[in-house]
Amino acid sequence: MVVTGGAGFLGSHLCERLVGQGHRVICVDNFDTGRPENVRALSASGRFSVVQHDIVEPFASKLPRFDQIYNLACPASPPHYQSDPVRTALICSQGTYNCLQAAKRHGARFFQASTSEIYGDPEMHPQSEDYRGSVNAVGPRSCYDEGKRFAETLVTDFGQRHKIDTRIARIFNTYGPRMQPDDGRVVSNFIVQALLGRDITIYGTGEQTRSFCFVTDLISGFIRLMAADGASVAPVNLGNPAEITVGRLAESIVDIVGSRSSIVHRPLPIDDPRRRRPDIARAQSVLGWSPKVDLLTGLRETIAYFEEQLNSGSLAQVAPYRSLISKVGRVSRDLIGA
């Protein structure tokens, strides 16, 4: 099996799961946003190898024979994909095409990691796979939003023309260990700020909503989707339908950590979605998949990961912070039913 972007947040968890199931896994990554330490321990299995490669360039003969390819290679957080929007668009287009060509040569089943961003700032709530979206084609997020929309078209048409099995997962907000502290996502931002006792930065009023899926649940959805019967499966939403406002998420993280951080507000970025919640009926019926990890449990595990990173000095210029995550206050207890 091949996992492009295999040293990233999601990719490393997928590689770990596949290796643990006894598969031989080839991680393809150029390490722009992926980190070698995310997958270093997997080499001891004897079933894991790394190929440093940029998918915008053709694979040539770098890869041994494989039967499945998961294409996860693309920066996924706004600071990362907006830092070079042209390159992001090329990763979604030329990079996806090169991965499809490799799948064709090897006769492999193809999995495309798409995103809930293809729905844009949605006018339908919750968002089902039949919703066509409300996306700005020329905004600051367009390189990613429209890039992923194009990638879905390319995967669908290429698969039909060349008779290869394809899968498309529309990934909603996901969090967990191995997130990068500077990736611009609200969960990692809030946790690091709370652990350091800094102000919690909320963009907008905080009334905008998100639905957060723990990474282990998402990876289970990936594997079920790849294994689903049929030459091609329609795009499938993968995410947790439990919805929470960004403001309440911030309060909850401050409460779990036991931080004295204050909450401050900044202007909302252009085209930032107001509401985001997946309709997962298709995943439930086709894959028999639903998320299992509640938000409180997932946040505590994620906070523990970041605290360990801070205390070990793995994050530069960050002082150790004593453990406070055993505290569960009123807001946190409420999350059990969120």
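Above this text sits the structure in question.
Below is a summary of the structure that appears in this document.

Definitions and cut-offs
- The residue numbering used here restarts from 1 in each chain and proceeds along that chain's sequence as written.
- Selection of residues for local features in this predicted model requires a pLDDT of at least 70, selection of side-chain atom pairs for listing and counting requires 80 or more, and totals for whole chains, interfaces and linings are taken over all residues.
- The basis for the side-chain values is all heavy atoms of the structure; hydrogens and waters are excluded.
- Where helices and strands are cited, they refer to DSSP runs of H or I of at least four residues and of E of at least two residues respectively, numbered from the N terminus.
- The term nonpolar core refers to a set of buried residues drawn from Ala, Val, Leu, Ile, Met, Phe, Trp, Tyr and Cys, joined through side-chain atoms within 4.5 Å.
- Relative accessibility under 20% of the residue-type maximum defines a buried residue, over 50% an exposed one, and the middle range a partly exposed one, all with a 1.4 Å probe and only protein chains included.
- Salt bridge criterion: a side-chain nitrogen from Lys or Arg within 4 Å of a carboxyl oxygen from Asp or Glu.
- Helix axes are fitted to C-alpha atoms over the stretch in contact, other axes to C-alpha atoms as well, and angles between N-to-C directions run from 0 to 180 degrees.
- For any pair of crossing helices, the crossing counts as left-handed if the nearer helix is rotated counterclockwise from the farther one by less than a right angle, and right-handed if it is rotated clockwise.
- Whether two residues are in contact is decided by their heavy atoms: any pair within 4.5 Å suffices.
- Lys, Arg, Asp and Glu make up the charged group, whereas Ala, Val, Leu, Ile, Met, Phe, Trp, Tyr, Cys and Pro make up the nonpolar group; the residues left over, Gly among them, are polar.
- By definition, two strands form a pair when at least two bridges between them are found by DSSP.

A few words now on the environment of Gln 193. You can see Gln 193 is positioned in helix α5 (residues 186-195). Linking Gln 193 and Ile 253, residues 60 residues apart in sequence, is a C-alpha distance of 9.8 Å.

Leu 14, Tyr 70, Phe 111, Phe 222, Leu 238 and Leu 249 are the most contacted members of the largest nonpolar core, which totals 64 residues. If you look at the next biggest cluster of nonpolar residues, it comprises 28 residues, including Phe 59, Cys 92, Leu 154 and Ile 168.

One pass over the full model with this rule turns up 12 salt bridges. We note a salt bridge from Glu 117 to Arg 276, for which the minimum N-O separation is 3.4 Å. With Glu 117 in the loop between β5 (109-115) and α4 (142-162) and Arg 276 in the loop between β13 (263-266) and α8 (281-287), the pair connects residues that are 159 residues apart, well separated along the chain. The class of Glu 117 is buried, set by a relative accessible area of 13%. Put simply, Glu 243 and Arg 275 hold a salt bridge, and the shortest N to O gap is 3.5 Å. Taken together, the positions of Glu 243 in strand β12 (residues 243-245) and Arg 275 in the loop between β13 and α8 put the pair 32 residues apart, joining distant regions of the chain. Looking at Glu 243, the relative accessible area reads 25%, which means it is partly exposed. Within this structure, Asp 32, Asp 54 and Arg 87 form a network of salt bridges that share partners.

Let us now look at the packing of α5 against helix α7 (residues 246-257). The N-to-C vectors of α5 and α7 enclose an angle of 35 degrees; their axes lie 9 Å apart at closest approach. Between α5 and α7 lies a crossing of right-handed hand. Within the contact between the two elements, α5 uses Val 186, Val 187, Phe 190, Ile 191, Ala 194 and Leu 195 and α7 uses Val 246, Leu 249, Ala 250, Ile 253 and Val 257. Classifying every residue of the contact of α5 with α7 by side-chain character gives 11 nonpolar, no polar and no charged.

Moving on: α5. By the criterion of burial, α5 is predominantly enclosed, with eight of the 10 residues buried. On its buried side, α5 packs onto β7 (174-175), β8 (200-203), α7 and α9 (295-312). Gly 197 sits one or two positions beyond α5 and adopts a positive phi of about 70 degrees.

It is worth spelling out unusual backbone geometry at this point. Note the cis peptide between His 125 and Pro 126, where omega equals -10 degrees. Inspection of the secondary structure puts Pro 126 in the loop between β5 and α4. Not every positive phi belongs to a glycine, and Lys 163 is a case in point at roughly 60 degrees. Along the chain, the position of Lys 163 falls in the loop between α4 and β6 (166-171).

The subject of this paragraph is the sheet that holds β5. The strand order across the open sheet built from seven strands is β3-β2-β1-β4-β5-β6-β11, with neighbouring strands paired in parallel fashion. Every other strand in the sheet has two partners, leaving β3 (48-52) and β11 (236-238) as the edge strands with one partner each. The average undirected angle you get between the axes of adjacent strands in this sheet is 20 degrees. As paired strands, strand β4 (residues 68-71) and β5 are joined by four bridges and run parallel to one another. Bridge assignment links Gln 68 to a residue of β5, and that residue is Arg 109. Set on the sheet, helix α3 (residues 85-106) makes contact with β1 (2-4), β4 and β5; between it and β5 the angle comes to about 160 degrees.

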